[in-house]
Amino acid sequence: MSVKKDDVIFLLGAGCSVDAGIPTVNQMVHEIESKLIHTEEWQKYRQLYYYIKSAVIYSDGIFGEFDRVVGIERLMIVLSELEKKEKNIVYPFIANWNNRLIDLAGTNFEKIKELRELITRQLLKWVKLPNYQPAQYYKRFYDFQQELGYPIRMFSLNYDLCLEHSQSNAVDLELGFDDNGEWNSYRFDLSNQAVSAGIYLYKLHGSIDWTRDSEHNNILQLAAHPVDTPDLIFGTEAKMQSIDPYLFNVYELRNYLLACKLVIVIGYSFSDDYINSLLRQALQNNVERAILIIDLNKDPNFRDNALCILKPKQREQVKFHAGSAKEFIEENLNVETVLSHFMMAEQDVF
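Small disclaimer: the values here were computed from a predicted structure and weren't measured.

Draft legend 1. Expanded view of the packing of helix α3 (residues 46–62) against helix α4 (residues 72–83). Running from N to C, α3 and α4 point in directions that differ by 105 degrees, and their axes come no closer than 11 Å. By the angle class used here, α3 and α4 are roughly perpendicular. Contact residues: Tyr49, Ile52, Lys53, Val56 and Asp60 in α3; Arg74, Leu75, Val78, Leu79 and Leu82 in α4. Looking at the contact of α3 with α4 residue by residue, the classes come out as seven nonpolar, no polar and three charged.

Have a look at this one:
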């Protein structure tokens, strides 16, 4: 047995960059809650934040999900949806907004917008690393590509630049931008002779160096450095919007999930329903397809939750590796490990 082209793909979540110095989603929430108590700029939003977080927990409790974590992205999604106010798709079915919410958010929900923008600015501070030396373990992805001998497809939910700043001189990284810095999906097409990348990176939720040119057909451009107002998405509806590159990236994720034998999931908490649906579909489409989940804490609750979400046809399709993202990438990311996690077909056994 050998690893062939597109047999293995990667899905990276926030936990993949924790060893580089970017806080976990839970650490981000804890720091925000500390700022709401101790920092003057944040204090005026404290009661609004408490109200919104309590509502999210109440909603989870209705479905018996009492232990579900309220991470930073869930908070941002709720804020983004509330900010739509009358433009929200469910608004015609709502008799009245809750009086307490109006008291805290303002008649036009202006404080919701202000709080979302404040959290976004803080999020950018966390993600913009002043020094990328701690992120050098990402360099092993480039080494792995060279060992493999085929281009690899990596799908990231992260806004950071850890993979970009760890690039090896021997391997080209394709981000989907042409020589003018403009987005062009054709650069991910294997028939494009002008591109010969070793790694194709799809950033599913945006990047801190993406900027949208609203005066020129809303074209997405790649900036030389992180920008103050990057093109990032949070809302569930936004993740499915037809504007490039988001829908294209999800389409590519679906295609490569249905083509691969193994998905290596690093640092993802399974909190994004549309990603979970695609992973579940891939497992149920082919019992010879597997997912390897890098699990830092060897947490039985996390593993049970992942299995419950993924619903594999065979339990063996979901595999776990106990360890940090850095440990797995530096010490275990190689062809031998990938092969050991392939599902064995009957013709391979005999």
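Structure's up, so let's keep going.
Draft legend 2. Looking closely at the pattern of salt bridges. Considering all chains together, one arrives at 11 salt bridges under this definition. Asp60 is the salt-bridge partner of Arg74, the closest N and O atoms lying 2.9 Å from each other. One end of the pair, Arg74, is in helix α4; the other, Asp60, is in helix α3, with 14 residues separating them in the sequence. Judged by relative accessible area, Asp60 falls into the buried class, the value being 4%. Between Lys113 and Glu117 there is a salt bridge, with its nearest N and O atoms 2.9 Å apart. In this pair, Lys113 and Glu117 are both assigned in helix α6 (residues 110–127), four residues apart and thus about one turn of the helix distant. The exposure class assigned to Lys113 is partly exposed, which follows from its relative accessible area of 38%. Judged by its relative accessible area of 28%, Glu117 falls in the partly exposed class.

Draft legend 3. Fine view of the domain arrangement of the protein chain. We note that the domain assignment places domain 1 (8–22 + 131–341) and domain 2 (25–127) within the protein chain. Taken together, the 19 residues of domain 1 in the interface contact 14 residues of domain 2. For the pair domain 1 and domain 2, the summed buried area comes to about 1,300 Å², and 65% of that belongs to carbon and sulfur atoms. Applying the counting criterion to the domain 1 and domain 2 interface returns zero salt bridges. Scanning the region where domain 1 abuts domain 2 turns up zero residue pairs in polar contact (both at pLDDT 80 or more). Here the side of domain 1 that touches domain 2 is composed, by residue class, of 10 nonpolar, four polar and five charged.

Draft legend 4. Quick peek at the pairing of strand β5 (residues 210–213). Note: β5 against strand β6 (residues 219–222), four bridges, orientation antiparallel. The residue of β6 that forms the bridge with Asp213 is Ile219. With antiparallel pairing between neighbouring strands as the criterion, β5 and β6 make up a hairpin whose turn holds five residues, including Asn217 at a positive phi of roughly 60 degrees.

Draft legend 5. Summary view of the sheet that holds strand β7 (residues 262–266). Judged by pairing direction, the sheet is parallel, and its seven strands sit side by side in the order β3-β4-β2-β1-β7-β8-β9 without closing on themselves. The sheet is open, and its two edges are formed by β3 (173–174) and β9 (318–322), each paired on a single side. Two elements, β3 and strand β4 (residues 199–203), share two bridges in a ladder whose sense is parallel. Among the inter-strand pairings, Glu174 is bridged to a residue of β4, identified as Tyr200. Sheet strands touched by helix α9 (residues 273–285): β1 (8–12), β7, β8 (290–295) and β9. Its angle to β8, the strand with the most contacts, is close to 135 degrees.

Draft legend 6. Highlighting the side chain of Asn276. With respect to the element layout, Asn276 can be found in helix α9. Side chain to side chain, Asn276 and Tyr268 meet in a polar contact 2.7 Å long. Not counting chain neighbours up to four residues away, the residues in contact with Asn276 comprise Tyr268, Phe270, Ser271 and Ile309.

Reading the values: the criteria
Residues numbered from 1 in each chain as written. Predicted model: local features only at pLDDT ≥ 70, side-chain atom pairs only at ≥ 80, totals over all residues. Heavy atoms only, no water. Axes fitted to C-alpha atoms, helices over the stretch in contact; angles between N-to-C directions. Helix = DSSP H or I, 4+ residues; strand = E, 2+ residues; numbered from the N terminus. Parallel < 35°, antiparallel > 145°, perpendicular 65-115°, else oblique. Contact = heavy atoms within 4.5 Å. Nonpolar A, V, L, I, M, F, W, Y, C, P; charged D, E, K, R; others polar. Salt bridge = Lys/Arg side-chain N within 4 Å of Asp/Glu carboxyl O. Buried < 20%, exposed > 50% of the residue type's maximum accessible area, 1.4 Å probe, protein only. Domains from an automatic or database assignment. Buried area = accessible area lost by both parts, 1.4 Å probe. Polar contact = N/O pair within 3.5 Å; in protein donor to acceptor, adjacent residues only side chain to side chain. Pairing = 2+ DSSP bridges.

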